[in-house]
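Here's the letter readout for the chains.
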Amino acid sequence: MIPPSSRRNSKDFMPVSVSSADPAFSAQPDRPWIESEALEERLAASSADEAHKTFARDLARDGLAIMDLGSTLTELCDEISRQTEHYFRNGVTRVHDAWRRSDAIRMIATHPEILSRLELAYGRKPFPFQSLNFLRGSQQDIHSDTLHFHAEPAGFMCGVWLALEDVTPGSGPLAYYPGSHRLPEMTMAAAGAAPGTTTPGNYNTLYGPAVLRQLDAAGLTPVHATLRKGQVAVWAANLAHGGSPILDPESTRRSLVLHYYFDDCVYFTPMLSRPDRQARRLPANIATGGWTWPRRAGRRVAVPLKQLAAALYYRLSRHTPTY
Ligand SMILES: O=C(O)CCC(=O)C(=O)O
């Protein structure tokens, strides 16, 4: 089901200015505007168009907002499918970072309309750092990205999901819980894991059930995003989401997920962090082909040598892991 306010058809591709004449909004906020009481004030001071403002309000209210960028995106969807088709052999259904070899993915990842909406909603400049292509429904357990990709200040991360074909109800649509982005962040420790002991095993047995209990206690229920080809869903970092079960085994559900961080933050992986050691990231920047160095208050912060070496190796190898 698509929220009614997202059923517009903005064919207009022009990037909009998100700048504001009001100096109160010229500094980088410490919280995303969508999480701030100042959102309406900020939108009132912005010259952005109504579609952008509605997008920001939807994201603030539900934790997920849908944009429809018109028919030109459907051609780009076909190009992305063409450029990634060869990966999906021998049972492969998921490809990491195909952006390294696909100019069509880089094109959507840096689409001015997506970047300008995110900048308006968050108040900092976004950059895409990772891509995932799916052939079928992912059937991923319900989770929040805050466990995997976090930032300091909190909240400056989001997921962008593009339907490369019409999503049918039996194909395992993206499932999400509107409003769940406002719940306390679920951590491995809150789910019952001893600090620094995260494994695939206790992730599945502890974290997944703890998230479902939290959602149940909050009385939240899931919605399936049966998007049309070319529609884009954006979710906030703490939104509970995953892949619903595939009911039609013959179905495909070609889709692209992009993850975005925002400038001038510290990037880290909570799942692998310990109280005494933050597992910092050196995220790729799909827009530049390089990296974006983590920063606190404008100054670079250290990234462990191991992480630096891994990022360098990954970049030089131009590896695209498949599963
Ligand atoms: O596409 C899906 O089914 C879920 C994707 C997802 O949960 C993610 O990329 O974090």
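The following paragraphs examine the structure supplied in this document. (Residues numbered from 1 in each chain as written. Predicted model: local features only at pLDDT ≥ 70, side-chain atom pairs only at ≥ 80, totals over all residues. Heavy atoms only, no water.)

### Remarks on the overall build of the protein chain
Okay, step 1: Each helix and strand in the protein chain was counted, giving seven helices and 13 strands.
Okay, step 2: A compact globule built from 323 residues should have a C-alpha radius of gyration of about 20 Å, and the protein chain, at 19 Å, falls within 12% of that.
Okay, step 3: By its C-alpha atoms, the protein chain is 50 × 45 × 45 Å across when sized along the principal axes.
Okay, step 4: In the form shown here, the protein chain has an accessible surface area of approximately 14400 Å², with 55% of it arising from carbon and sulfur atoms. (Helix = DSSP H or I, 4+ residues; strand = E, 2+ residues; numbered from the N terminus. Rg over C-alpha atoms; globule rule 2.2 N^0.38 Å. Areas by Shrake-Rupley, 256 points an atom, 1.4 Å probe, with all protein chains shown as cover.)

### A short note on the sheet that holds strand β2 (residues 94-96)
Okay, step 1: Strand order in the open sheet formed by six strands is β1-β8-β5-β10-β3-β2, with antiparallel pairing between adjacent strands. Edge positions in the open sheet fall to β1 (64-68) and β2, since each of these has one partner strand only. This sheet shows a mean twist of 25° between the axes of neighbouring strands, independent of strand direction.
Okay, step 2: Relative to strand β10 (residues 255-262), strand β3 (residues 126-134) is paired through eight bridges, and the arrangement is antiparallel. Following the sheet pairing, Pro126 is matched in β10 by Phe262.
Okay, step 3: Sheet strands touched by helix α5 (residues 112-122): β1, β3, β5 (157-163), β8 (231-236) and β10. Its angle to β10, the strand with the most contacts, is close to 45°. (Pairing = 2+ DSSP bridges. Axes fitted to C-alpha atoms, helices over the stretch in contact; angles between N-to-C directions. Contact = heavy atoms within 4.5 Å.)

### Topic: the sheet that holds strand β6 (residues 174-176)
Okay, step 1: The three strands lie next to each other as β7-β6-β9, forming an open sheet whose pairing is antiparallel. The open sheet has two edge strands, β7 (223-225) and β9 (241-243), and neither has a second partner. Each strand of the sheet is rotated relative to its neighbour by a mean of 30°, with strand direction disregarded.
Okay, step 2: Pairing of β6 with β7 involves three bridges; the strand directions are antiparallel. From the neighbouring strand, Leu174 faces β7, where its bridge partner is Ala225.

### With respect to the site of the ligand
Okay, step 1: For the ligand, the set of nearby residues contains 14 residues, the closest of which are Ser138, His143, Trp161, His241 and Arg253.
Okay, step 2: The separation between an oxygen atom of the ligand and a polar side-chain atom of Trp161 is 2.8 Å.
Okay, step 3: Note that an oxygen atom of the ligand is positioned 3.0 Å from one of the side-chain N or O atoms of His241.
Okay, step 4: Starting from 300 Å² of accessible surface for the ligand in isolation, the protein chains cover 98%.
Okay, step 5: Only β9 and β10 provide two or more residues apiece to the shell around the ligand.
Okay, step 6: Element by element, the count of residues in the shell around the ligand is highest for β9, at three residues.
Okay, step 7: When the residues that make up the shell around the ligand are grouped by side-chain class, the tally is five nonpolar, seven polar and two charged. (Near = heavy atom within 4 Å. Polar contact = N/O pair within 3.5 Å; in protein donor to acceptor, adjacent residues only side chain to side chain. Nonpolar A, V, L, I, M, F, W, Y, C, P; charged D, E, K, R; others polar.)

### A closer look at the side chain of Arg280
Okay, step 1: Secondary-structure assignment places Arg280 in the loop between β11 (266-268) and β12 (295-296).
Okay, step 2: Although buried, Arg280 forms no salt bridge, and the nearest oppositely charged side chain, Glu152, lies 5.8 Å from it.
Okay, step 3: Side-chain polar atoms of Arg280 contact the backbone oxygen of Ala302, separated by 2.7 Å. (Buried < 20%, exposed > 50% of the residue type's maximum accessible area, 1.4 Å probe, protein only. Lys, Arg positive; Asp, Glu negative; His and termini not counted. Salt bridge = Lys/Arg side-chain N within 4 Å of Asp/Glu carboxyl O.)

### Observations regarding the pattern of salt bridges
Okay, step 1: Scanning all chains against the criterion turns up 15 salt bridges.
Okay, step 2: One salt bridge in this structure joins Lys125 and Glu119, with 3.4 Å as the shortest N-O distance.
Okay, step 3: Judged by relative accessible area, Glu119 falls into the partly exposed class, the value being 22%.
Okay, step 4: Among the charged side chains, a network of salt bridges with common partners joins Glu40, Glu50 and Arg57.

### Regarding the pairing of β5
Okay, step 1: Along β5, seven of the seven residues are buried, which leaves the element largely enclosed by surrounding structure.
Okay, step 2: Neither face of β5 is left uncovered, since the one carrying Met157, Gly159, Trp161 and Ala163 and the one carrying Cys158, Val160 and Leu162 both have all their residues buried.
Okay, step 3: The pairing of β5 with β10 spans seven bridges and is antiparallel. Paired with Cys158 across the two strands is Tyr260, which belongs to β10.
Okay, step 4: Both β5 and β8 contribute to a ladder of five bridges, which runs antiparallel. Each residue of the ladder has a partner; that of Gly159, found in β8, is Trp235.

### A closer look at the environment of Arg136
Okay, step 1: By the secondary structure assignment, Arg136 is in the loop between β3 and β4 (150-152).
Okay, step 2: Residues Arg136 and Gly172, spaced 36 residues apart in sequence, show a C-alpha to C-alpha distance of 7.7 Å.
Okay, step 3: Among residues more than four places away in sequence, those in contact with Arg136 are Thr93, Ile246, Pro249, Glu250, Ser251, Thr252 and Arg253.
Okay, step 4: A polar contact is formed between the side chain of Arg136 and the backbone oxygen of Ser251, at a distance of 2.8 Å.

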